[in-house]
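In case you want the letters, here they are:
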Amino acid sequence: EKKKNSSIRVSLDSIFFRDLQIGDSDSVDFWVQNTGKTPIQFRFSLPPSSPFKLIHEGSKTIAPGLDTRASIKYTSNSSEIVKDTLSVICPVETIKIPITATPPCPRIIPVKNNINLGNIGNDTDFKFIFSLSNVGMKEGEFNISCTDESVSFSPSDGSISPEKSLEIAGDFHP
């Protein structure tokens, strides 16, 4: 997000490393653009004990309207979630970008975010089907409930293997 008097823009507002097992490495590229009218010098900064590594270190100067690529690398040595902050520093401002690395985990998501039931008459049962998918790297548990007692799901709980989907039947009886 660009501030009113900002001179630089960073292509990412956060950096994620997902599903890395211990010993696995990955890198993420991002760009810094000079949105001002004069050349600007900037540098990157990570805390000294950070497990994340900048591939492009030191100060850089970029001309107005141009951008430069940078990369950050992470090698997993833990099965815990790791967080840190990358700072992009220039004379006018400092932009802080959160970094998160997660170990392999389940990520269960609906295939559709909204289900349109349309018009339903009184005392009319309405059945619908939707799918849940596990896009994560580990088997995951789910539990579906609704505060409205006229809605039920089958199955209402269970587990989904990695890279698999499961159809859920819904029943609405007003």
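Here, the structure is the one placed above.
The rules behind each value
- Residues numbered from 1 in each chain as written.
- Predicted model: local features only at pLDDT ≥ 70, side-chain atom pairs only at ≥ 80, totals over all residues.
- Heavy atoms only, no water.
- Helix = DSSP H or I, 4+ residues; strand = E, 2+ residues; numbered from the N terminus.
- Rg over C-alpha atoms; globule rule 2.2 N^0.38 Å.
- Buried < 20%, exposed > 50% of the residue type's maximum accessible area, 1.4 Å probe, protein only.
- Contact = heavy atoms within 4.5 Å.
- Areas by Shrake-Rupley, 256 points an atom, 1.4 Å probe, with all protein chains shown as cover.
- Lys, Arg positive; Asp, Glu negative; His and termini not counted.
- Charge placed at Lys NZ, Arg CZ, Asp CG, Glu CD.
- Core = buried A, V, L, I, M, F, W, Y, C linked by side-chain atoms within 4.5 Å.

Student: Describe in detail the overall build of the protein chain, supporting the description with residues and values.
Tutor: A count of helical and extended segments in the protein chain gives zero helices and 15 strands. A compact globule built from 174 residues would reach a C-alpha radius of gyration of about 16 Å, whereas the protein chain, at 23 Å, exceeds it by more than 25%. The dimensions of the protein chain, computed from C-alpha atoms along their principal axes, are 70 × 40 × 20 Å. Going through the 174 residues of the protein chain one by one, you find that 34% of them count as buried. When contacts within the protein chain are restricted to residue pairs at least 6 apart in sequence, long-range pairs at least 24 apart make up 61% of them. A total of about 11000 Å² of accessible surface is found on the protein chain, and carbon and sulfur atoms cover 47% of it. Averaged over its 18 positive side-chain charges, the protein chain has a centre that lies 15 Å from the centre of its 21 negative ones.

Student: Describe in detail the nonpolar core, supporting the description with residues and values.
Tutor: Counting residues in each nonpolar core, the largest one holds 26 residues, and the members touching the most others are Phe17 and Ile72. Only β1 (8-10), β2 (15-17), β3 (25-34), β4 (40-45), β5 (52-54), β7 (67-75), β8 (82-89) and β9 (94-101) provide two or more residues apiece to this core. With four residues, β9 is the single largest residue contributor to this core. Every residue in contact with isoleucine 72, bar those within four places of it in the chain, is listed here: Ile15, Phe17, Asp26, Ser27, Val28, Phe30, Leu46, Phe52, Lys53, Leu54 and Ile99. Judged by nonpolar contacts, the second largest core, of ten residues, contains Phe128, Leu132, Ile144 and Ile168.

Student: Describe unusual backbone geometry, naming the residues involved and giving the relevant values.
Tutor: Going from serine 154 to proline 155, the amide bond is cis rather than trans, its omega being -5°. Inspection of the secondary structure puts proline 155 in the loop between β13 (151-154) and β14 (157-160). Of note, aspartate 19 is a non-glycine position whose phi angle comes to about 60°, a positive value. For aspartate 19, the location among the structural elements is in the loop between β2 and β3. Its identity as a non-glycine residue notwithstanding, glutamate 163 has a phi of 60°, on the positive side. One can find glutamate 163 in the loop between β14 and β15 (165-172). For glutamate 163, a relative accessible area of 69% gives the class exposed.

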